[in-house]
Amino acid sequence: MQGTMLWILAAALIGLALLTGLPDWRRRLLMRPLFRTFKRVLPPLSQTEREALEAGTVGWDGELFSGRPDWNALHRYPVSELSEHEQAFLDGPVEALCRQLDDWRITHEDADLAPEVWDFIKQQGLFGMIIPRRYGGLEFSAQAHSRVVMKIASRSLTAAVTVMVPNSLGPAKLLLHYGTAEQKDHYLPRLARGEEVPCFALTGPEAGSDAASLPDTGVVCFGELNGERVLGIRLNWDKRYITLGPVATLLGLAFHLYDPDGHLGSEPDLGITLALIPTDTPGVEIGRRHYPLNSAFQNGPNRGHDVFIPIDQVIGGRDGLGQGWRMLMECLADGRSISLPALATGAGKLCSRATGAYAAVRKQFRLPIGRFEGVAEALARIGGNTYLMDAARGFTCSALDNGEQPAVVSAIVKYHLTERMRETVNHAMDIQGGSGICLGPRNLLGRVYQAVPISITVEGANILTRSMIIFGQGALRSHPYVLRELEAVQDPDAEAGLLAFDRALTAHLRWGLGNAVRCLWYGLTGARLQRLGFRPRGEPVVAYRQLTRLSTAFALSADLAMFTLGGSLKRRERLSARLGDVLSNLYLGSAALKQFHAQGCPEADRPLVEWAWRECAHRAQEALLALCDNLPNRWLGRLLKLWLFPLGRSYAPPSDALCDQVVALLLRPGEARDRLTAGLFLPEAPDATLNRLETALTLSVQAEPVLRRIRAAMQAGRVDSGDPEQRLEAALAAGVITAADADRVRAAVAARHEVIAVDAFDPADLGHNPDRIRTPIPTTQAEAG
Ligand SMILES: Cc1cc2nc3c(=O)[nH]c(=O)nc-3n(C[C@H](O)[C@H](O)[C@H](O)COP(=O)(O)OP(=O)(O)OC[C@H]3O[C@@H](n4cnc5c(N)ncnc54)[C@H](O)[C@@H]3O)c2cc1C
């Protein structure tokens, strides 16, 4: 049965191949009817959809969509490095900032950054990382910007978000791209010096994910300003969740602009517009705070009642009227590619370093818990995910530094890095047990765990990003032909449209046929006979071959899904999400290969890169299989599954043996661990938890050979068992160890006690309500205390 289906499909493909070679017949028999059908079924694009689609550039995502990624091109992509000035900034002011941050005090006691920290952030220009030097900003590369956020995030998420927001999508970015000369000259130096605290308000109670439906209005009218009657805009808005809003002095506002009286001589409905509102403007109500999951960054609602502004406060002045959505879409990619991916990677690095050390030092059943297979399973995912996150972060920043505005990729890294952070932090919390749960100054991960859903929700909520954006946008932007076909179909000149459609679709069909043939060939040969296109110097060759195979399978599946489902694919979010997962995992896997190659294929990192590409290949395969199983056309689904995987499933998740190699890197100090966690803030203060963990790990490694000798002596009957101190004394007396050895073990034990300790509070120190009724302390306990 399956063999017959394969033959039918092969015959259909050959028929199509013959037809595409005969232009007249092709146009008459195939293209004209298809053109008419497409015209009828394809919904016209709305203005906001068109603007979203046209925004940004296509980079490596286009190669993956081609089904034939050029790995040489991947290796040629320049990797952006930090300049001396940027590195000095990280080692100087950022390090100094991190030393000042006391996250427990920030989140529990002050619910804010300390005033001197706010001042430091502003004075050092951290609000102006994206502002050019000529305006007094730092003018950092995307790589440097990302490294700054990542380092701060590894110390305090509150501080990282505070620094992130002014450098992401907001007043500075919008002014740089669309501001008038006067607006730039006035605001950018003030923003760079921290004299203005910006925020950007798009979301409101009725417009969350569907931000374009915002009900906030601006009406063009005459009003009074400084005693003069001027033409301006009367605004009414109701926003919420606005980061830095409660302390902002400059509010970037998105609203829908109307000109019912025709003052501007144009359409009455001008569309979404962006303006800058000083928060002391009469009618602005600002200052109240939300409390997002115990994170203390400033976030809150704001409202405006009949706020009157002159037109020159619109970003871009008159040219900016009604251009707001386009501006937002065009500027979204950088911020989304940098901020949350950096924050997620920072959290991953922290988990790798801290939880790896903890699992090496914490003992149960007389063994470090990291040696138990159950813990190792979770630990391997922490290390592997961190490698993937860091690779995708760095690769994407390099693309930005090379002038790309990667729209689809920015959605991929936003979604997948925050999801992998969620998984990583969950595993780390499980391994840390009670020490992760009991909050207090010693706890490193509790606040990170609490804050994870924030990064999942902001900058495009994750469910929506996965199910609508990644493939939805990728199918049009990154696909080599679909956008051309769509534009041809929408051409008002039907004959010109038909010709363009014929050209694009013919090329598309030929390309699709090629993919179909190669896909089956790769499936039957396991992609082993493929030429790589570059001379390997230690790279995992099999990974390149298998990712090529999966890219071809993806291109074919995406085409079949689009051809058979057309516009309805947009509503079938689960299918779109699975296709997005394939593309995303190919992107992450490629980023891992790129990182390994760019770092000179260090042998110590091989387990990490192997884990990374195998994990991505497995996930991509599972997403393809789930797609086949759920295509509405059942026979097509079965046929596609057989075509993609003629010999059955091809990719297993990383094996236990490989996971053990990854875990081994995390349980001991070493170059791979240092590279994996590079860029993390490593505190030097002896009472800092991460420093305690580092010290305990080093001391436990030093004590290991001594303990081995004692164990051997016990087995030989030379040393009696007893409590640890008695054993030490006995081993010393028996000449098994020296006094220095005994001190080494004692130091390691003391250090372990330090890292397994958790905070306990006087009940009076918890809770802020002085009138609350306290639970009486039981008499015996009170007496004992
Ligand atoms: C801490 C915090 C800080 C923020 N900072 C800012 C800021 O500075 N400026 C600003 O303007 N906004 C800000 N936001 C708003 C943020 O961007 C929105 O919360 C986000 O857009 C989601 O909107 P919502 O919370 O109303 O969720 P909803 O839109 O109600 O969505 C709820 C769920 O439904 C899903 N969903 C909705 N539609 C679809 C669909 N078609 N397909 C699949 N799933 C869908 C979403 O993915 C989500 O999981 C912030 C939010 C928070 C919580």
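Residues numbered from 1 in each chain as written. Predicted model: local features only at pLDDT ≥ 70, side-chain atom pairs only at ≥ 80, totals over all residues. Heavy atoms only, no water.

Scanning the protein from N- to C-terminus turns up 30 helices and 9 strands. Based on the C-alpha atoms only, the size of the protein along its principal axes is roughly 100 × 85 × 55 Å. Across the 785 residues that make up the protein, the buried fraction comes to 56%. Residue pairs in contact within the protein that sit at least 24 positions apart in sequence constitute 76% of those at least 6 positions apart. For the protein, the computed accessible surface area is about 33600 Å², with 54% contributed by carbon and sulfur atoms. When the 84 basic and 86 acidic side-chain charges of the protein are each reduced to a single mean position, those positions are 8 Å apart. (Helix = DSSP H or I, 4+ residues; strand = E, 2+ residues; numbered from the N terminus. Buried < 20%, exposed > 50% of the residue type's maximum accessible area, 1.4 Å probe, protein only. Contact = heavy atoms within 4.5 Å. Areas by Shrake-Rupley, 256 points an atom, 1.4 Å probe, with all protein chains shown as cover. Lys, Arg positive; Asp, Glu negative; His and termini not counted. Charge placed at Lys NZ, Arg CZ, Asp CG, Glu CD.)

One ladder, built from 9 bridges, connects strand β2 (residues 217–225) with strand β3 (residues 228–243); its direction is antiparallel. The residue bridging Thr217 from the neighbouring strand is Asn236, located in β3. (Pairing = 2+ DSSP bridges.)

Quick look at the packing of helix α18 (residues 462–477) against helix α19 (residues 482–489) now. As a packed pair, α18 and α19 sit with axes 6 Å apart at the nearest point and diverge in direction by 75°. As summarised for this structure, α18 and α19 are arranged roughly perpendicular, according to the angle between their axes. Contacts between α18 and α19 involve Ala475, Leu476 and Arg477 from the former and Val482, Leu483 and Leu486 from the latter. Per-class residue counts for the contact of α18 with α19 are 5 nonpolar, no polar and 1 charged. (Axes fitted to C-alpha atoms, helices over the stretch in contact; angles between N-to-C directions. Parallel < 35°, antiparallel > 145°, perpendicular 65-115°, else oblique. Nonpolar A, V, L, I, M, F, W, Y, C, P; charged D, E, K, R; others polar.)

A few words now on the site of the ligand. If you check the shell around the ligand, you find 21 residues, and the closest are Phe200, Leu202, Thr203, Ser209 and Tyr241. Tyr241 has a polar backbone atom sitting 2.7 Å from a nitrogen atom of the ligand. One of the side-chain nitrogen or oxygen atoms of Thr243 is found 2.9 Å away from a nitrogen atom of the ligand. Relative to its unbound accessible surface of 980 Å², the ligand loses 68% to contact with the protein. When residues of the shell around the ligand are traced back to their parent elements, those giving at least two are β1 (198–201), β3, α17 (446–457) and α18. Take the shell around the ligand: its biggest share by element is 4 residues, from α18. Partitioned by chemical class, the residues of the shell around the ligand number 13 nonpolar, 7 polar and 1 charged. (Near = heavy atom within 4 Å. Polar contact = N/O pair within 3.5 Å; in protein donor to acceptor, adjacent residues only side chain to side chain.)

Scored by pLDDT, the protein comes out at a mean of 93, with 94% of its residues at no less than 70. This stretch, residues 778–785, has a pLDDT under 50; its non-local contacts, to residues over four places away or in other chains, come to 1 contact. (pLDDT = per-residue confidence, 0-100.)

This part is about a positive patch on the surface. There is a patch of like positive charges on the surface, built from Lys363, Arg371, Arg708 and Arg711. Exposure remark for Arg711: the relative accessible area of 47% places this residue in the partly exposed category. (Patch = residues over 30% accessible without salt bridge, like charges linked within 9 Å, V, L, I, M, F, W, Y side chains within 5 Å. Salt bridge = Lys/Arg side-chain N within 4 Å of Asp/Glu carboxyl O.)

A word on helix α12 (residues 181–192). Over its 12 residues, α12 runs 16 Å from end to end, which matches the ideal 16 Å to within 8%, given 1.5 Å per residue. Those residues of α12 not exposed but buried are Gln183, Lys184, Tyr187, Leu188, Pro189, Leu191 and Ala192. Note on α12: the residue one or two positions beyond its end, Gly194, has a positive phi of about 80°. (Expected span 1.5 Å × (residues − 1).)

The subject of this paragraph is the pattern of salt bridges. Enumeration according to the criterion identifies 39 salt bridges in this entry. Where Lys641 meets Asp629, a salt bridge forms, and the shortest distance between an N and an O atom there is 2.9 Å. Remark: Asp629 occurs in helix α23 (residues 606–630) and Lys641 occurs in helix α24 (residues 634–644); sequence separation between them is 12 residues. Judged by relative accessible area, which is 35%, Asp629 ranks as partly exposed.

This part takes up unusual backbone geometry. Residue Tyr241 is not a glycine yet carries a positive backbone phi of 65°. With respect to the secondary-structure elements, Tyr241 resides in strand β3. When its relative accessible area of 47% is taken as the criterion, Tyr241 is described as partly exposed.

Now for the packing of aromatic side chains. Following the criterion strictly, the structure yields 14 aromatic pairs and no others. Residues Trp60 and Trp71 carry aromatic rings whose centres are separated by 5.5 Å and whose planes lie at 50° to one another, so their mutual orientation is tilted. Of this pair, Trp60 sits in helix α4 (residues 60–66) while Trp71 sits in helix α5 (residues 71–76), placing them 11 residues apart in sequence. Trp71 shares its class with Trp60; the two are buried. Joined through ring pairs, the aromatic side chains of Trp60, Trp71, Tyr77, Phe395, Phe534, Tyr544 and Tyr587 make up one cluster. Positioned above the aromatic ring of Phe222, the side-chain terminus of Arg229 is 4.3 Å from the ring centre. (Phe/Tyr/Trp six-rings, centres within 6.5 Å; stacked < 30°, edge-to-face > 60°. Lys NZ or Arg CZ within 6 Å of the ring centre and 35° of its normal.)

Below, the discussion takes up a negative patch on the surface. A cluster of like negative charges, contributed by Asp102, Glu109, Asp762 and Asp765, occupies part of the molecular surface. Within the secondary structure, Asp765 is located in the loop between α29 (739–756) and α30 (779–784).

Ile152 and Ile277 are the most contacted members of the largest nonpolar core, which totals 195 residues. When neighbours within four sequence positions are excluded, Ile152 is seen to be in contact with Val94, Leu97, Cys98, Leu101, Ala159, Ala160 and Val163. Counting residues in each nonpolar core, the second largest holds 29 residues, with Ala172, Tyr187, Leu191 and Leu276 among its members. (Core = buried A, V, L, I, M, F, W, Y, C linked by side-chain atoms within 4.5 Å.)

This part covers the packing of α23 against helix α25 (residues 656–667). In a packed pair of helices, the relevant descriptors are the angle between the two axes and the axis-to-axis distance. Closest axis-to-axis distance for the α23/α25 pair is 9 Å, and the angle between their directions is 135°. As far as their axial angle goes, α25 and α23 are oblique. Handedness of the α23/α25 crossing: left-handed. When α23 is examined against α25, the residues Pro607, Leu608, Glu610, Trp611 and Arg614 are found in contact with a partner set consisting of Leu658, Cys659, Gln661, Val662 and Leu665. For the contact of α23 with α25, the per-class residue count stands at 7 nonpolar, 1 polar and 2 charged. (Left-handed = near helix turned anticlockwise from the far one by under 90°.)

Helical geometry: 3.6 residues make up each α-helical turn, so side chains three or four residues apart lie on a common side. In a regular helix each residue adds 1.5 Å, so 32 residues correspond to 46 Å; helix α20 (residues 494–525) covers 45 Å between its end C-alpha atoms and thus fits that length. One or two residues past the end of α20 sits Gly526, with phi positive at roughly 65°.

Attention now moves to the side chain of Gln143. Relative to the helices and strands, Gln143 is located in helix α9 (residues 142–153). At 3.1 Å, the side chain of Gln143 forms a polar contact with the side chain of Ser80. Within polar-contact distance, the side chain of Gln143 engages the backbone oxygen of Gly394 at 3.5 Å. The contact partners of Gln143, leaving out residues within four places of it in the chain, are Ser80, Leu82, Arg393, Gly394, Cys397, Ser398 and Asp401.

As a further point, take the pairing of β1. On a regular strand, one side chain projects to one face of the sheet and the next to the other, so that they alternate. A two-sided burial pattern is seen for β1, the buried positions comprising Pro198 and Phe200 on one face and Cys199 and Ala201 on the other. Note that β1 and strand β4 (residues 250–258) share 4 bridges and pair parallel. Bridge assignment links Cys199 to a residue of β4, and that residue is Leu251.

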